[in-house]
Structure formats: C-alpha cells, structure tokens
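Spelled out, the chains give:
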Amino acid sequence: MNSAALETLIARRQSGYSLPAPFYLSPEVFDADCARIFGRHWIFVGVEPEIPKAGQFFTVEIGSDSIILVRDADMAVRAFHNVCRHRGARLCNPGSGAFVRLVCPYHQWTYNRRGELVNNKHMGEDFDRSQFALKPVHVESLAGLLFICLADTPPEDFAVMRAAMQAHIAPHDIANCKVAHQYDLVEQGNWKLTMENNRECYHCRANHPQLTASLYEYGFGFGASPDAHSKVQEFGELVKTEHARWEAAGLPSAEIERLDATTGFRSVRLPLNQSGESQTLDTKVACRKLLGTFTQSDLGGLSFWTQPNSWHHFMSDHIVSFSVWPLAAGRTLLRTRWLVHKDAQEGVDFDVEHLTAVWKATNDQDCALVARAHQGISSPAYLPGPYSAYTEDLVDTFCTWYLSHLQAP
Amino acid sequence: MNSAALETLIARRQSGYSLPAPFYLSPEVFDADCARIFGRHWIFVGVEPEIPKAGQFFTVEIGSDSIILVRDADMAVRAFHNVCRHRGARLCNPGSGAFVRLVCPYHQWTYNRRGELVNNKHMGEDFDRSQFALKPVHVESLAGLLFICLADTPPEDFAVMRAAMQAHIAPHDIANCKVAHQYDLVEQGNWKLTMENNRECYHCRANHPQLTASLYEYGFGFGASPDAHSKVQEFGELVKTEHARWEAAGLPSAEIERLDATTGFRSVRLPLNQSGESQTLDTKVACRKLLGTFTQSDLGGLSFWTQPNSWHHFMSDHIVSFSVWPLAAGRTLLRTRWLVHKDAQEGVDFDVEHLTAVWKATNDQDCALVARAHQGISSPAYLPGPYSAYTEDLVDTFCTWYLSHLQAP
Amino acid sequence: MNSAALETLIARRQSGYSLPAPFYLSPEVFDADCARIFGRHWIFVGVEPEIPKAGQFFTVEIGSDSIILVRDADMAVRAFHNVCRHRGARLCNPGSGAFVRLVCPYHQWTYNRRGELVNNKHMGEDFDRSQFALKPVHVESLAGLLFICLADTPPEDFAVMRAAMQAHIAPHDIANCKVAHQYDLVEQGNWKLTMENNRECYHCRANHPQLTASLYEYGFGFGASPDAHSKVQEFGELVKTEHARWEAAGLPSAEIERLDATTGFRSVRLPLNQSGESQTLDTKVACRKLLGTFTQSDLGGLSFWTQPNSWHHFMSDHIVSFSVWPLAAGRTLLRTRWLVHKDAQEGVDFDVEHLTAVWKATNDQDCALVARAHQGISSPAYLPGPYSAYTEDLVDTFCTWYLSHLQAP
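Residues numbered from 1 in each chain as written. Chains lettered and ligands numbered in written order. Predicted model: local features only at pLDDT ≥ 70, side-chain atom pairs only at ≥ 80, totals over all residues.

**Student:** Can you break down the overall build of chain A residue by residue, with the values?
**Tutor:** Assigned secondary structure in chain A consists of nine helices and 17 strands. Computed over its C-alpha atoms, the radius of gyration of chain A comes to 22 Å, within 12% of the 22 Å expected for a compact globule of 409 residues. Expressed as lengths along the three principal axes of its C-alpha atoms, the size of chain A is roughly 80 × 55 × 35 Å. Burial analysis of chain A (409 residues in total) assigns 50% to the buried set. Here the contacts in chain A between residues at least 6 apart in sequence split such that 66% fall between residues at least 24 apart. (Helix = DSSP H or I, 4+ residues; strand = E, 2+ residues; numbered from the N terminus. Rg over C-alpha atoms; globule rule 2.2 N^0.38 Å. Buried ≥ 20, exposed ≤ 12 C-beta atoms within 10 Å, placed from the backbone. Contact = placed C-beta atoms within 7 Å.)

Here you go:
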C-alpha cells in the first residue's frame, strides 16, 4: 500500500471510534504496520535473566525476520540479524543456547559475539572479512527489560522512558530474577485488537473472573463513568492512601503518562483487591521469596505499558511480562513470561500452577475475545463503533498513537 | 477486478461453450461473484422448521459474513448481520440456539429480537441507542423456504416466484416438517461448477447408480438427443399422463421456466422410475408418515431450482433441499437437508440411512466430479469446450444468467 | 510481474553474488519462472522404464498443470495435457497405469493413445471430433531419459545435447533398467536454492558424511582454491589417469560444458573414492547385476546436469536420477529415482536400503540447508553475498543462465 492510499485510509478514521476494517484485515496495512510501527520503534523482546552468562543467546522472530540477542564477554547484550552474509542462510534455529563462535551450518562462515566475520574458506586472499559482519540491531536494557529497534536511526526518546521508569522498576530487581514460566498463545486476530483489548477493563467484569479477584477494574482506563461513579471515587481514595504508604517506603508509584511520545508509555502502581498482595487466584503472593530487598508483600502492582507491543505487572513476589508479535493480518502471538527471584525454588518457594493460573486463564479469555472481534470486523457489515468516553479512553489513545506513527514519513 | 476488466473477460465468453478459466479460478472474479451475485440476489438459506419457536435462531456464514435468522415473538423471521455495533465483535458463534436478549460477550451490549440495542453501560447520558441497531438483512419465506438478500434494495421479482410457486410447494406443508438430517460437503471446486453439475444429467448414467434407480435422466435438461430419441419421447408421454393424474389430485405439476429472470427459477413435477414413489435406493417412500394431507405415495418429485444457489425435490414422504455456498475460488460448501413430517418418528416411521442414502452417495460422486473439473480447468491447457445442445442446455442458461448479472451495474 | 518490472529486478543483480531476495520470495517471480523457465525449456520428467509396454502411462504434475506420458502401440512415447476437451475435467488421477482408450469420467468423452477424440454422445450429427483432440506436448527421449517441452516451439538445441550425450549414456543401457525406488521430498525453499545447492560442493564436507565416503568434492565446481590447492591438483591427476582407462574401455568420460546453451547441460565422468565403484555407504556396487554389458565395477560416476531441473549419476551398477519441481515460491519437490538392471532381483542382487542410503541421507541434509537458506533470505536484512570464485563458479553460471532466460522475450 503506497503512502497516498494509506493517507486516504487514515483520513477515513473518525476520532473516538474503532478503526475502519482495512486496518485490521488488509495484508497491505499489515505490511505497513511491520515496516512503520514495528520496523521503526523500540520493541520489547525479553528480559536479561534469559541470558545471564556470557555467550548465552536467544532469538526473536518478527515477521519473516529473526534476531539474535547474545551476551558478550563484557556482559553487554548485543543483537544481530540471524542471516549469514554469504548466501543468506539462517544461522541459528529459533530458540536459545550459547556460543563462543557462531558457525553457519551451510558453508561454515564463522562469526564472533560482536557479529564480526572471523573465519571462512575458499574466498581467496583478497577477501575483506570486515565487509561481511552480521547486520547489527539496536538494543537497550531498561532495568533488565530488553528492547530492540530495527531502524537504522532509533527514536531518541528511549532515554526519556528510561529516566522516568528506572527508579520505578529497579526495586523489583530484574537482574536477580529468573524466568519461571513462558506461555505462548497465537490469537486469531490482528495485533492491534490484542493491544486494544489490553488498554481497557470495560470487558473485565464479565469475562475475567480469575483476574478480577485481585484486580480493581477502575485502574485500567476507567474515568468516572456515571454507571460506576461512587466505586471509581472510592478506588481513587484508596489509590491516594496506598501511594502515600508506598512512596514513603521508597517505591515511586504515581501515574506517568507519555502515551503520545514516539516511545509511548504509561505507568502507575495500583492497589490490589482482597489481601492486596499479588495477581493470583487467592490474591496472596505466589512466591515466598520476595523480589529485591522487599520485606512487605502488599505492594500492589506496578503496571508498565509500552507502545507498540508490551505491558508488565511488577509485584512484591513476581513479575508478569507480556509482548505482542504480529504474525499476519489476522494472527498474533502473545508471549507471557513470569519472573521470580532467581533463588526461589520451584515446589518449595513457589508453584508454577499457582503462579500462572490467573494470567493463563485471562489470556485464554482475551484470546477468544480478540478472535471474536476479528471475525465480526471481517464482515462487510462492520462499521466502526463508538468508544466509551469513560472506559475506553486509552483504546482511543492507542489508535491515535498508531495512526500518527503509521503516517510518519 | 474493476468493471472494465470484468467486461473484457465477459466478452471473451463464447455462447454454448464452458466459461473461460478465470471465471472459475480468479480470486478477483470470486470477489465479484460474492459482491454481485451473492450480494445482490435472493439466496436460499434454510427452512422455517429449523426455528419453529419464538427466540430460536440459526446463523448463516457467507464469505467472511455471518447472518443471524431469528424467529421474533410475532413468529416472523427476522435477519441481522452478526456484528456488534460497538467494536464489531461477532455476537453468536456459528450454529443455532435461542435467545430473548442477545448479549455481546465482549462488553455486554444487549439487543432484542428486532436487532434494537436495548442496553449497554458506560456510554453516558447522551448516548442515542436508536442509532446502533444491528444492521438488518432482507428475509422472505416462500412456503417455508427461507431466502435472504444482502443488498439494500433486493430484486422485486421475488413476488413473481412466490406467486408462481406457492401453490406447487404448499401441499408438501413445510410448516409441519422437521429437519431429519443435514449433510455438509466441502467441494474442491468453484461454486459455478457445483451449479453447472446440477443443471444437467448427461453425467448421471455413468456416475450415479443410486440416483438413477428412481430418477429418469431425461427430465433434467435433456432435449431430444439423437442418441436417446425414442427414450426421451417415451418419457415425454409418461410425463403427460402423470401430470394429468396429479393435476386432477390438486397438485400443480407443469413446468415453469423463468431462468432468465433476476430471481431466476424453474420447476416441474416429474415421474420417478420403478415404484415411482421417492428418491430412495428401492424407489419406495422413506417415511411412512406422508407429508401434509397426502394419502398417495406415488406423487413423483416436484423439483424446484433457483438461481444462484439452490435446488429442492419434494416428494410425498420427504423433501430434500440443497444450497450452495462459495467459500473460495476453488472451495464450495454444499449443504443438504432432508425434511420429513414433524410427527414422524425415527426408527419407527423412517430410517435416516434409508432416507439419505441416495443423495449422500450422489453428492459424494458429484463432489469428485466437481473437483476433477476444477483441476482440469486449472491447467493452462484448458480451453472452453462445447456444451451438448441436447443435454447441457440448462448449463448454458445458467452461465448466461450468471454473466448477465455479473455485469449488471 | 510485467516485463519492465522484471527487467529492473534483473538489473539489480550483481554478478558473482547471490540473487536479490525477490527472485526467491516473490510469487510474481515464481509465476514468471513457471512461464518463462519451466514453460519454455526442456524439462526432465522421468525415464522410459516407467512405461515399458504399449498403453502404459504416467502423469507429471507441474504447477496447476498435469501431463500424461503414454507409450503408443508403435512404442513411441507421446504426451498430452491431462484435460478433457469437453468441460475441462482432469482425465487421469496423478500416478500411473495403462489404457487402450482413455474415457473421461465426467461425460465419457473417449480418446485414443494419440490423444484423438474417438467417441462421445449427445453432440449431434455435425460435431467434428477432429477439432477436439487432447492438446499435445513435445516429448523427447535421450537414451531413455524423457524430457518434455510445454512451449509450442521448443528450443531446437535438444539435438545438440542428444548428439553430445548419447554415446556417454548409452552404455548404461536405460532401456534395460527398472526403477527400483522413488523418493519424493518437499523442500521448504525456492526451486533455485535447490538447484544452487546442487551446483557446488563447498557445503559437502561439513554436511554430507555419507556422500563424501565415495564422492570427491573437487569434481563438483571446485577450482584450485588456495585452501585446497594440492588436493585439487592430486584429484586432477587421478581424473586424467581414470579417463584414459575408461576411454580405452569405450566409455566417453571427458567433461562437456554447455551450460550457457538454451538447453544447458554439463557432464563428466569422475572417479569415486575408496573402492571407486559406486555412490554407496561402503563405496561398493549396490547391485551385483551390472548395467548393460559392463563387466567391471570401477567405472566411477558419469554425472549429467541439465538446466533448469535435473541431474543424474550413472555408475556401473545403478543410476540415480533427480528432478526438481517448483510448487510455490517457497516450496519445491525433489524427486529421486534409483534404476538398476531390469533383471536384478531385490533381496538377491540388491537391497533397496543399501542402494538408496547415501542419497536419501544427502537429500534430507540438503533439504534442511535449502530451508535454512530460504528462511534467511526471507529476512529483510538479507543482502546478496559473494560466491567463492573457487567453489561456487557453477552456482554463478546457473544464476546467469537463469536470468538471461527469464528476460528472453
């Protein structure tokens, strides 16, 4: 889809309404999404504890691309396209592992952990290996959360997000965590439906009995809806009280909203319901060994949403981290990771089923809703509908951000 | 495919010959078929006995669209697009059921059986629900056969078909029938090949041993072929005699041919072979309880063909009804329903295997032939071939109808 | 893809480098490959021993086309498109069999083994059957290897290839062979990657332990690489000695290279390692009954490569013959046949597992490499890389041949 056609389509969108159907269905828009949204922004890809030791790597698959993230001898994380510079063979299979030298299985061209070509045969005396390093990818860590940018010149405002969020996330001490579980779910819908679903809790009460045991819906984009006025106010008071308590304990908690930035994000620490400890079925911590230097369990949940593709909840005992991966116009991968303290022992300090029950159930429920939305939007009868000004404000914000970056030159 | 390209393609067709390959293979022609043929004409979708009670509904899937047909409290059948007016979620899963209020699973927007939005939360005081009714679909019943039209302005000549056919079909009393069995078959070929296959019996003798036990091939588009001259004449005499007998018994039987109308159709009551009772393996009735007020078994078969997508055979004891659904350029759903008297008891009055054996076998045979035709037409070597003037006249008529409505503005 | 777009793409290719990504990935280039490469050249399809008797046939599927090759009563092999001239039905299912008359299953139009329409019903007195013969396909046999050309006017230089190769292949006496085994493998990569993989042995040592038991890599496109200089020279001496011995025994062995011809090919008889007898795990003959009138086992391997889609190795005891079939831009069928003397008895003279072990393993290994290359080339980060001047010269030759014939008018 050329820029002019895209402009015309973008102009068709009515503010406050869901997007016109081609944004969800068209393969051409999907290609534009991959190029202009995922190809130009900071994409959340994983967490540092996946590769704690030098030489460890994992791959990330995005569209038809594959990226290797590897920890170098200096303990920095580096990233490269997973493509041999000889005849283009994929170097590593998708997954994880470790290497000192990376040898292409086809003709044994050999690279080091900085992506430099260090050995190959039969290319003659005059062959200049320095011209054939693996193509690098920008990578940044925000307190242990790894982001890559596929563009040659990445957005500069990653630094703004880091400056704002470092102190919020640091107490949860990702460096001393481990990934206790990962859950991949392929949703039969456009990736933006997955994101929109995440940006409102209008749908929570009727669809998420497990999640709403601990989660107050009001923190997730709810304004003072006339249908829930007193409860929203009551929740506002609770937030005020709890923020005072947490800030006193050295935990930055106040809302930060920069969703209109190129590297758009939002964060707030919110109270949890009942025991107030964690996003579990019984609302109690899932892991006895708390994160960082925490001694209290009732720290609520620090939520951190990034654009275009992630959200994270940090609690006293565990972290749950989500990333969204477009696979096709109508297929999206939702990857969820649960992190606990690296010294916590499974079966002793935590139980994987207890740890993951709420979000596995919630993801499955959202997966069905996303598919249902995609099916309906596929009907020629679909018309964009109105967002609730009280509960779907952040959905509108997401769509507005998306459209403005889709049309950026 | 734009109209000009379609015009050029249509102009390539030589009368009396099968269609040029793109009509069967091209995804663009398929889209045009969906829009201009299935999107603008009266499509047969089912029978009233599927939803006898108020609140009962079934859905119809056509392309990426889904339609809900529901019986309202006033016992009228209404139809709507299965798409929530909020964010486009599909309301019902494909299938059937019953409701008083239809609640969208996503955010609980709630509709009544007239498609009116009667409840939703968080939309504020000023929200005008009357602007967000489900998008209606035109629906008509012809003596119990349900047809929908997706166009805003449906063809007016449904009334002509109803006037012509009501008296023919009424004695078979669909209102007091039930669906004894439904059989869905996905054919690996273009929907027009399924229709063309239905419009001639040139292929019957060599391919349909079960069907030709009861069916004389000569009634199905056979002219006085030199290769079957005396048999066709003999059959013509039999038809004359039987028509006189049936008309005397109050059953309109003469041929009606309006295949060139926008709502094109054809009908005739034809004798059956051997015992002359029914389209079964032994040619005897499959159900002991006869339809309507019939007391005689040997009423032949009233056939009713509609364009673009159905045909039906009405006998003294049961009705078999077929509809054709384009799924892709090379995939077509053939849905077959067998109806018997609603008071007939399975295992006592009829046996499902006996009832369905002929047409299940025949459909399976036709399915293989349609796939074979589609495969051959997919070859670059395919050239349109000549239709027999004696046995494929109705195939040519179908193609002519199709092309003239494909190019209609 | 129109010719201008193709020209632009072709112009992007840098000599000595792998092709730009669209040549491997684009469905439009794939269609051009089918039309301009496979649609215009001599394609190897099988061997005469598959249809030794009059009336025997086999079909070849190429794209959406199907071709019937049948042995006529005069023992000549004829070829036709597998498409009925009536309404286009596919006549035969893919596979093999025998017929005297070929009857279309749909409406019983009947053809003889020359493709002439000899019977059909209901077409009237004036119908001229001579206008409705099956569409013929050009077919040639080169010493028992069957080639077809789908173009109306096939390249004339098949005669050149026949004149050059007849004497080389004839001693292996294909006419008195039988197909002992056939192995079909669907590779997840573009057909040109399959061909490129076949045109170099740079990848052999690290990937093909079974093959390199008997095969010296140096015969397969290796120049005097500085990394293998002495071994290449040593191999050159061995070739010289062996050629003298084989030529004395009446076996033409010298290299013939006409890869730049329209009907491009290359051939050379090469020594095998260890016992020097055959391409088996133990390098000994797999079949005790030798081919033709051979009495010696150590005849090396006569290799014969054709463009665009085959290669063959002829040894004293068996022949292994490969053909490549494009299925989609990213899917390719590799069909392998092993031939032994027609009087050889399985279990007595040869064992299928021993006969096929090397090339089954090698094909599986190459299949993984082709998939890996296709995956990497699918990355937006892929850049064409440099071919080794010492080991990938024939890959470059293949690409050059391909591009020049892709742009031929």
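**Student:** Describe in detail the relation of the copies chain A and chain B, supporting the description with residues and values.
**Tutor:** Between chain A and chain B, which share one sequence, the superposing operator has a rotation angle of 120 degrees and an axial displacement of 0.0 Å; the RMSD is 0.0 Å. On this basis, the relationship between the two copies can be described by a three-fold rotation axis. Using C-alpha coordinates, one finds that chain A approaches the rotation axis most closely at Pro27 of chain A, a distance of 8.7 Å. (Least-squares fit on C-alpha atoms with pLDDT ≥ 70 in both.)

**Student:** Could you give an account of the sheet that holds strand E11 (residues 177–187) of chain A, with specific residues and numbers?
**Tutor:** All names here are of chain A. Spatial strand order, E11-E17-E16-E15-E14-E13-E12: seven strands in an open sheet with antiparallel pairing. Here the strands that pair on one side only, and so sit at the sheet edges, are E11 and strand E12 (256–258). Across the sheet, the mean angle from the axis of one strand to that of its neighbour is 15 degrees, orientation sign disregarded. Pairing of strand E14 (residues 301–306) with strand E15 (residues 310–314), which is carried by five bridges, proceeds in the antiparallel orientation. Each residue of the ladder has a partner; that of Leu302, found in E15, is Phe314. Contacting E11, strand E16 (319–328) and strand E17 (331–341), helix H8 (residues 352–377) runs over the sheet at an angle of about 20 degrees to E11. (Pairing = 2+ DSSP bridges. Axes fitted to C-alpha atoms, helices over the stretch in contact; angles between N-to-C directions.)

**Student:** Could you give me a rundown of the interface of chain C and chain A, with the residues and numbers involved?
**Tutor:** In this complex, chain C contributes 23 residues to the contact, which on the side of chain A involves 22 residues. With six residues, the top contributor of residues to the side of chain C that touches chain A is helix H8 (residues 352–377) of chain C. The class makeup of the residues in the side of chain C that touches chain A is 11 nonpolar, 10 polar and two charged. (Nonpolar A, V, L, I, M, F, W, Y, C, P; charged D, E, K, R; others polar.)

**Student:** Before we move on, can you summarise the sheet that holds strand E8 (residues 117–119) of chain B with the specific residues and values?
**Tutor:** All names here are of chain B. A sheet is described by the order of its strands in space; here three strands give the open sequence E6-E7-E8, paired in antiparallel fashion. Where the open sheet ends on each side, the last strands, each with one partner, are strand E6 (102–103) and E8. Relative to E8, strand E7 (residues 110–111) runs antiparallel, the two sharing two bridges. Directly across from Thr110, in E8, lies its bridge partner Asn119.

**Student:** An account of the confidence of the model for chain A is needed here, citing residue identities and associated values.
**Tutor:** With 100% of its residues at a pLDDT of 70 or more, chain A has an overall mean of 96. With pTM at 0.94, the complex prediction returns an ipTM value of 0.95. (pLDDT = per-residue confidence, 0-100.)

**Student:** Quick rundown of helix H5 (residues 191–198) of chain B? Include the residues and the values.
**Tutor:** A large share of H5 of chain B lies buried, amounting to eight of its eight residues. Taken as a whole, H5 of chain B has its buried residues at Trp191, Lys192, Leu193, Thr194, Met195, Glu196, Asn197 and Asn198 of chain B.

**Student:** Describe the packing of helix H3 (residues 27–38) of chain B against helix H9 (residues 393–406) of chain B, listing the residues and the values that go with them.
**Tutor:** Between two packed helices, the angle of one axis relative to the other and the distance separating the axes together describe the packing. All names here are of chain B. Across the interface, H3 lies against H9 with an axial gap of 9 Å and an inter-helix angle of 90 degrees. As the angle between them shows, H3 and H9 are arranged roughly perpendicular. Of H9, the residues touching H3 (which contributes Ala32, Arg36 and Ile37) are Tyr402, His405 and Leu406. Considered class by class, the residues forming the contact of H3 with H9 number four nonpolar, one polar and one charged. (Parallel < 35°, antiparallel > 145°, perpendicular 65-115°, else oblique.)

**Student:** Describe in detail the domain arrangement of chain A, supporting the description with residues and values.
**Tutor:** Residue and element names in this part refer to chain A. In terms of domain boundaries, chain A breaks down into domain 1 (43–142) and domain 2 (159–406). Here the C-alpha centroids of domain 1 and domain 2 sit 32 Å apart. The interface is formed by nine residues belonging to domain 1 together with 19 residues belonging to domain 2. Ranked by the residues each element gives to the side of domain 1 that touches domain 2, the list is headed by strand E1 (residues 43–47), at four residues. Along the lines of polarity and charge, the residues of the side of domain 1 that touches domain 2 split into seven nonpolar, no polar and two charged. (Domains from an automatic or database assignment.)

**Student:** Residue-level account of the pairing of E15 of chain A, with values.
**Tutor:** Residues and elements named next belong to chain A. With five of five residues buried, E15 lies mostly within the body of the structure. Linking E14 to E15, which pair antiparallel, is a turn of three residues. Pairing analysis gives five bridges linking E15 to E16, with the strands arranged antiparallel. Note on E16: the bridge partner recorded for Trp311 is Phe322. What sits between E15 and E16 in their antiparallel hairpin is a turn of four residues.

**Student:** For the interface of chain A and chain B, give the residues involved together with the corresponding values.
**Tutor:** Of the residues lining the interface, 23 residues belong to chain A; the matching set on chain B comes to 22 residues. Take the side of chain A that touches chain B: its biggest share by element is six residues, from H8 of chain A. When its residues are assigned to classes, the side of chain A that touches chain B shows 11 nonpolar, 10 polar and two charged.

**Student:** If you had to explain unusual backbone geometry to someone new, which residues and values would you point to?
**Tutor:** Between Gln307 of chain A and Pro308 of chain A the backbone carries a cis peptide bond, its omega angle lying at 15 degrees. Residue position: Pro308 of chain A is located in the loop between E14 and E15. Unusually for a residue other than glycine, Asp173 of chain C sits at a positive phi of about 55 degrees. Note that Asp173 of chain C resides in the loop between helix H4 (158–169) and strand E11 (177–187). The class for Asp173 of chain C is buried, based on 20 C-beta atoms found within 10 Å.

**Student:** Account for the nonpolar core, with residues named and values stated.
**Tutor:** Residues Leu69 and Ile148 of chain A, Leu69 and Ile148 of chain B together with Leu69 and Ile148 of chain C are the most contacted members of the largest nonpolar core, which totals 336 residues. Leu69 of chain B has contacts with Val45, Gly46, Ile51, Phe57, Phe58, Val60, Val77, Ala79, Val139 and Leu146 of chain B, leaving out every residue within four places of it along the chain. (Core = buried A, V, L, I, M, F, W, Y, C linked by C-beta atoms within 7 Å.)

**Student:** Hey, could you go over the pairing of strand E16 (residues 319–328) of chain C for me, with residue numbers and the actual values?
**Tutor:** Residue and element names in this part refer to chain C. Along E16, eight of the 10 residues are buried, which leaves the element largely enclosed by surrounding structure. Inspection of the sheet shows E16 paired to strand E17 (residues 331–341) by nine bridges, in the antiparallel sense. Within E17, the residue paired with Phe322 across the bridge is Thr336. Between the end of E16 and the start of E17, which pair antiparallel, lie two residues.

**Student:** Describe the environment of Gly236 of chain B, naming the residues involved and giving the relevant values.
**Tutor:** Along the chain, Gly236 of chain B turns up in helix H7 (residues 229–248). Residues Gly236 of chain B and Pro271 of chain B lie 35 residues apart in sequence; the distance between their C-alpha atoms is 10 Å.

**Student:** A description of the environment of Ser388 of chain C should follow, citing residues and the corresponding values.
**Tutor:** Of note, Ser388 of chain C is situated in the loop between H8 and helix H9 (393–406). Accessibility expressed as a C-beta count within 10 Å gives 25 for Ser388 of chain C, which makes it buried. As a C-alpha pair, Ser388 of chain C and Lys178 of chain C span 210 residues in sequence and 39 Å in three-dimensional space. Those residues in contact with Ser388 of chain C that lie beyond four places of it in its chain are His122 and Met123 of chain A together with Tyr202 of chain C.

**Student:** Tell me what's going on with H8 of chain A, and back it up with residues and numbers.
**Tutor:** Its 26 residues place the ends of H8 of chain A 37 Å apart at the C-alpha level, agreeing with the 38 Å of an ideal helix rising 1.5 Å per residue. At Val358 of chain A, H8 of chain A shows its largest kink, close to 35 degrees. (Expected span 1.5 Å × (residues − 1). Bend = angle between axes of the 7 residues up to and from the residue.)

**Student:** Any details on the environment of Lys342 of chain B? Residues and values, ideally.
**Tutor:** All names here are of chain B. The residue Lys342 is located in the loop between strand E17 (331–341) and helix H8 (352–377) in this model. Exposure remark for Lys342: the 17 C-beta atoms within 10 Å place this residue in the partly exposed category. Taking the C-alpha atoms as reference, Lys342 lies 12 Å from Arg288; in sequence the two are 54 residues apart. If we skip the residues at most four places from it in the chain, Lys342 touches Pro49, Asn176, Cys177 and Lys178.

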